[in-house]
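Inside the fold
In case you want the letters, here they are:
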Amino acid sequence: MPALLAALAVVAPAAAQQEPGWVQKRTAQLQALDKVTARITIVDAPVNQPVRFGTLSVTVRACNARPPEEVPDAAAWLEVLDTRNDPNGAAVFRGWMFANAPGVSMLEHPVYDLRVLECK
């Protein structure tokens, strides 16, 4: 399974939308952590609409979930920009994040952490 997850991490969002066994959803539920204050925030991020958390701007480009009859899982294609030093935002993450395997593809940031909880 890790090999499959790694392979999906490099697939463009549109191509992964066609994968059998995944259902397109419109909103990603993300868990955002501010490592400095230890504040955890649950963020509902609609597909293609940027949301803010601290200095991060997060845009979900795709959010897929497994059908109800399968083991629950979610995968979201995220584009994350950090506006701390650049008002236009410097890209700090672009790719798939998986709810059941957060260590496969994760945001590496000194202040913030993001995790996909589910796709709705």
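So, here is what we can say about the structure in this document.

Here is what the cut-offs are and how they apply
Counting restarts for each chain, with residues numbered from 1 along the sequence as it is written. Predicted model: local features are reported for residues with pLDDT of at least 70 only, side-chain atom pairs are reported and counted for 80 or more only, and whole-chain, interface and lining totals are derived from all residues. Hydrogens and water molecules were not included; the side-chain quantities draw on all heavy atoms of the structure. Only buried residues count toward a nonpolar core, which is a set of Ala, Val, Leu, Ile, Met, Phe, Trp, Tyr and Cys residues joined through side-chain atoms within 4.5 Å. Only protein chains enter the area calculation, which uses a 1.4 Å probe; residues under 20% of their type maximum are buried, those over 50% are exposed, and those in between are partly exposed. Numbering goes from the N terminus for both helices and strands, where a helix is a DSSP run of H or I of at least four residues and a strand is a run of E of at least two. Aromatic rings from Phe, Tyr and Trp, taking only the six-membered ring of Trp, are treated as a pair when their centres fall within 6.5 Å; an angle between ring planes under 30 degrees marks them as stacked, one over 60 as edge-to-face, and anything in between as tilted. Residues form patches when they are more than 30% accessible in relative terms and have no salt bridge. Like charges link within 9 Å. Nonpolar side chains (Val, Leu, Ile, Met, Phe, Trp, Tyr) link within 5 Å. Note on areas: these come from Shrake-Rupley sampling with a 1.4 Å probe, and a residue is covered only by the protein chains present in the view. We count a salt bridge whenever a side-chain nitrogen from Lys or Arg sits within 4 Å of a carboxyl oxygen from Asp or Glu. The rule for pairing is simple: two strands pair if DSSP sees at least two bridges between them. Every axis in this analysis is a line fitted to C-alpha atoms, fitted for helices over the stretch in contact. Angles between the N-to-C directions lie between 0 and 180 degrees.

Before going further, it helps to examine the nonpolar core. The biggest cluster of nonpolar side chains holds 25 residues, and the ones touching the most others in it are V58, L78, L114 and V116. Looking at this core, the elements with two or more residues in it are strand 2 (27-34), strand 3 (39-46), strand 4 (51-53), strand 5 (56-65), strand 6 (74-82), strand 7 (90-98) and strand 8 (112-119). Membership of the second largest hydrophobic core comes to seven residues, among which are A62, W96, F98 and A101.

One pass over the structure, following the stated rule, counts two aromatic pairs. Ring centres 5.4 Å apart and planes at 75 degrees place the aromatic pair F53 and Y112 in the edge-to-face group. In this pair, F53 sits in strand 4 while Y112 sits in strand 8, placing the two residues 59 residues apart along the sequence. Between W77 and W96, the aromatic rings sit 5.7 Å apart at their centres with planes inclined by 75 degrees, giving edge-to-face as the arrangement.

On the surface, I40, I42 and L117 cluster together into a nonpolar patch covering about 260 Å² of accessible area. As for its position among the elements, I42 is in strand 3.

Here the focus is the pattern of salt bridges. All told, the structure shown has four salt bridges when counted by the stated rule. With its nearest N and O atoms 3.5 Å apart, the salt bridge here joins D44 to K120. Separated by 76 residues along the polypeptide, D44 in strand 3 and K120 in the segment after strand 8 bring together distant segments of the chain. Look at D44 and you get partly exposed, because its relative accessible area is 42%. On the basis of relative accessibility, which here comes to 43%, the residue K120 falls in the partly exposed class. In this structure, E79 engages R61 in a salt bridge whose closest nitrogen and oxygen atoms are separated by 3.0 Å. With E79 in strand 6 and R61 in strand 5, the pair connects residues that are 18 residues apart, well separated along the chain. When its relative accessible area of 35% is taken as the criterion, R61 is described as partly exposed. Within this structure, R61, E79 and R94 form a network of salt bridges that share partners.

Judged by pairing direction, the sheet is antiparallel, and its three strands sit side by side in the order 3-2-8 without closing on themselves. On the outer flanks of this sheet lie strand 3 and strand 8, each paired with one strand and no other. Each neighbouring strand pair of the sheet contributes to a mean axis angle of 25 degrees, computed without reference to strand direction. Strand direction decides the pairing type here: strand 2 and strand 8, joined by seven bridges, are antiparallel. Bridged to A32 within strand 8 is L114.

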